[in-house]
Amino acid sequence: MSLVRLIGAEFRLMAQRSYSSAPATTKMFIDGKFVESQTKEWIDLHNPATNEVISRVPKCTQAEMQAALESNKKAFKSWSQQSVLSRQQVMFKLQALIKQNMGELAKNITTEQGKTLADAEGDVLRGLQVVEHSCSIPSLAMGETVANVARDMDTYSLVLPLGVTAGIAPFNFPAMIPLWMFPVAITCGNTMLLKPSERVPGSTMLLMELLNEAGCPPGVVNVIHGQHDAVNFICDAPEIKAVSFVGSDTAGKYIYERAGRNGKRVQSNMGAKNHGVVMVDANKENTLNQLAGAAFGAAGQRCMALSTALFVGEAQQWIPDLVERAKKLKVNAGHVAGTDVGPVISAQSKQRINELIESGVKEGAKLILDGRNVKVPGYEAGYFVGPTILADVTPDMQCYKEEIFGPVLVILNADTLDEAIQTVNANPYGNGTAIFTTNGATARKFVNEIDVGQVGVNVPIPVPLPMFSFTGTRGSFRGDHHFYGKMGVKFYTQTKTVTQLWRETDVTHTQAAVAMPT
Ligand code: NAD
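Residues numbered from 1 in each chain as written. Predicted model: local features only at pLDDT ≥ 70, side-chain atom pairs only at ≥ 80, totals over all residues. Heavy atoms only, no water.

According to the UniProt record, the Subcellular location (unreviewed entry) comment for the chain reads "Mitochondrion". Comment text from UniProt for the chain, heading Subunit (unreviewed entry), reads "Homotetramer." (UniProt positions renumbered as here; feature names shortened; annotations may be inferred.)

Asks: Would you mind going over the sheet that holds strand β16 (residues 408-414) with me for this structure?
Replies: Each strand in a sheet pairs with its neighbour through backbone hydrogen bonds, running either in the same direction (parallel) or in the opposite one (antiparallel). Pairing within the open sheet is mixed, and its seven strands lie in the order β14-β15-β16-β13-β12-β18-β19. Every other strand in the sheet has two partners, leaving β14 (366-369) and β19 (455-457) as the edge strands with one partner each. Neighbour to neighbour, the strand axes of the sheet diverge by 20 degrees on average, direction disregarded. Relative to strand β15 (residues 388-391), β14 is paired through three bridges, and the arrangement is antiparallel. If you follow Leu 367 over to β15, its bridge partner there is Leu 390. Across the sheet, helix α15 (residues 417-426) is in contact with β12 (275-278), β13 (308-312), β16 and β18 (433-436); its angle to β13 comes to roughly 160 degrees. (Pairing = 2+ DSSP bridges. Helix = DSSP H or I, 4+ residues; strand = E, 2+ residues; numbered from the N terminus. Axes fitted to C-alpha atoms, helices over the stretch in contact; angles between N-to-C directions. Contact = heavy atoms within 4.5 Å.)

Asks: What is the right way to look at the site of the ligand in this model?
Replies: By nearness alone, 28 residues border the ligand, and Ala 169, Glu 198, Ser 248, Met 270 and Glu 403 come closest of all. Here Ala 169 contributes a backbone N or O atom positioned 2.8 Å from an oxygen atom of the ligand. Taking Ser 248, its side chain carries an N or O atom lying 2.5 Å from an oxygen atom of the ligand. In the shell around the ligand, the residues fall into 15 nonpolar, nine polar and four charged. (Near = heavy atom within 4 Å. Polar contact = N/O pair within 3.5 Å; in protein donor to acceptor, adjacent residues only side chain to side chain. Nonpolar A, V, L, I, M, F, W, Y, C, P; charged D, E, K, R; others polar.)

Asks: Help me out: how do you make sense of unusual backbone geometry in this one?
Replies: Peptide bonds are trans in most cases, and residues, glycine excluded, mostly fall at negative phi. Positioned with a positive phi, Asp 31 is a non-glycine residue whose angle comes to about 60 degrees. Note on Asp 31: relative accessible area 35%, which makes it partly exposed. Positive phi, close to 55 degrees, is recorded for Ala 299, a residue that is not glycine. By the secondary structure assignment, Ala 299 is in the loop between α11 (284-296) and β13. (Buried < 20%, exposed > 50% of the residue type's maximum accessible area, 1.4 Å probe, protein only.)

Asks: Where do I start with the domain arrangement of the chain in this structure?
Replies: How big an interface is tends to be stated in terms of the accessible area lost upon association of its parts. When the domains of the chain are assigned, the result is domain 1 (28-270 + 484-497) and domain 2 (275-457). Distance from the C-alpha centre of domain 1 to the C-alpha centre of domain 2: 31 Å. Tallying the contact residues gives 20 residues for domain 1 and 21 residues for domain 2. Applying the counting criterion to the domain 1 and domain 2 interface returns one salt bridge. Between Arg 302 and Asp 119 there is a salt bridge; the shortest N-O distance is 3.0 Å. The tally of links between domain 1 and domain 2 comes to six residue pairs in polar contact (both at pLDDT 80 or more). By residue number, the principal contributor to the side of domain 1 that touches domain 2 is helix α4 (residues 102-113), which donates three residues. Residues that form the side of domain 1 that touches domain 2 fall into these classes: six nonpolar, nine polar and five charged. (Domains from an automatic or database assignment. Salt bridge = Lys/Arg side-chain N within 4 Å of Asp/Glu carboxyl O.)

See below:
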């Protein structure tokens, strides 16, 4: 066992051990080491299935955040000058290590976030695919050349890193979203200051352990914790050149504006309200299963969850069958075998979800499946909400206007495909949508006319693999370049263009040329 592995084992023990009644603390990761914060302000981290406090997360002090940033700055000098192949090697090793530690990462995600173990493995796997994609960055970050732009003159461009970058992540994909950020940023030659969600920092810490073991030099990625102060530090630090954010609208707009005002590049992925449009010519069995999975899987806490269904015309007769499927889903703690729907992230989140369901009822929607009073034996203190369906919802209702982010499906009716398309396009969000049909012409019309960045045809959650980019649009995104794919590389790099003149014969200039070179 290597030294880093031993340190890692020690870290894991520390994360699990509790001293008397005090839970273990989450460390910072600075300069390749796991460091205890000296802060006096801590956030309790609860297991959502049990309500137990499982760790305390520091709100890092200004001095600690500054130390992390200094370490990133120092590391950038050498990391950016390393060969592209040596940076690629770190990704190859990280890829193998994540695969080996998949089970442990998934367990940590289930404990901190609540999702089922199978879903937690999916969370890691979708992030792992970005690590694999990052192995191709040496080819993606190539410049261009034109020889002989003038006599004896060539122009070529170099694709170069920006410097220190930063990532701010949400709670719902504890491994995948940090993995959308740091692998691409660092393989391009940047360093990164990462702030995971204070509600699920554990898998990021495990990933840092693996990054150490993969041979990544100290300071290339540093991890700080906290809430607003940490976010403000990132938005304001002049040395941070680019900020990647994924999370809610409130935070995303704030970060986009504050970091943007400070001259930084920002990519900000925000909330969503994704519609599944069901045509009567669809494969009924398959469509209803896909819809139930995409609405209630991960307890609806996916930015690409199909949280809204639009049944067109006679397809409305299928709604009772959808309710039957949803009723069969098992609500339980994420680590219990056979669980379909785990808890939501917090007591506040459960309360908010229940209030939005109630608002739907008050505004005239029909509550055809009510998961508010679900009981989970053995986990009475957990934050559970069972699958819930509100039918006859209209666009003016609160439960339609707000992202619920829980296991709640709202159903709207449409008489025609045109009406369904109009409803989707009138919604301010543009993250994802899907149509279920067996008619190619219907599918084509939908793809053509729908104003949403990620479209599924008989695919409920159309998140593209990382050779493409995650292309949410309208209210779901602010920025120019999306996460991962070619756009991810563009986001984390800048271009230097060189125009060079090497005369074949030594020419003596007799006079300065003052006109604009053409
Ligand atoms: P969140 O905005 O509460 O938290 C995200 C990050 O921002 C955290 O690190 C948090 O510390 C920080 N933060 C929270 N409130 C802040 C504020 N007011 N000002 C500054 N920083 C703040 O989001 P969440 O609840 O962790 O995640 C769920 C949200 O993320 C949902 O809206 C979901 O749709 C969205 N999401 C979007 C995508 C996407 O790609 N579009 C992917 C995953 C999640």
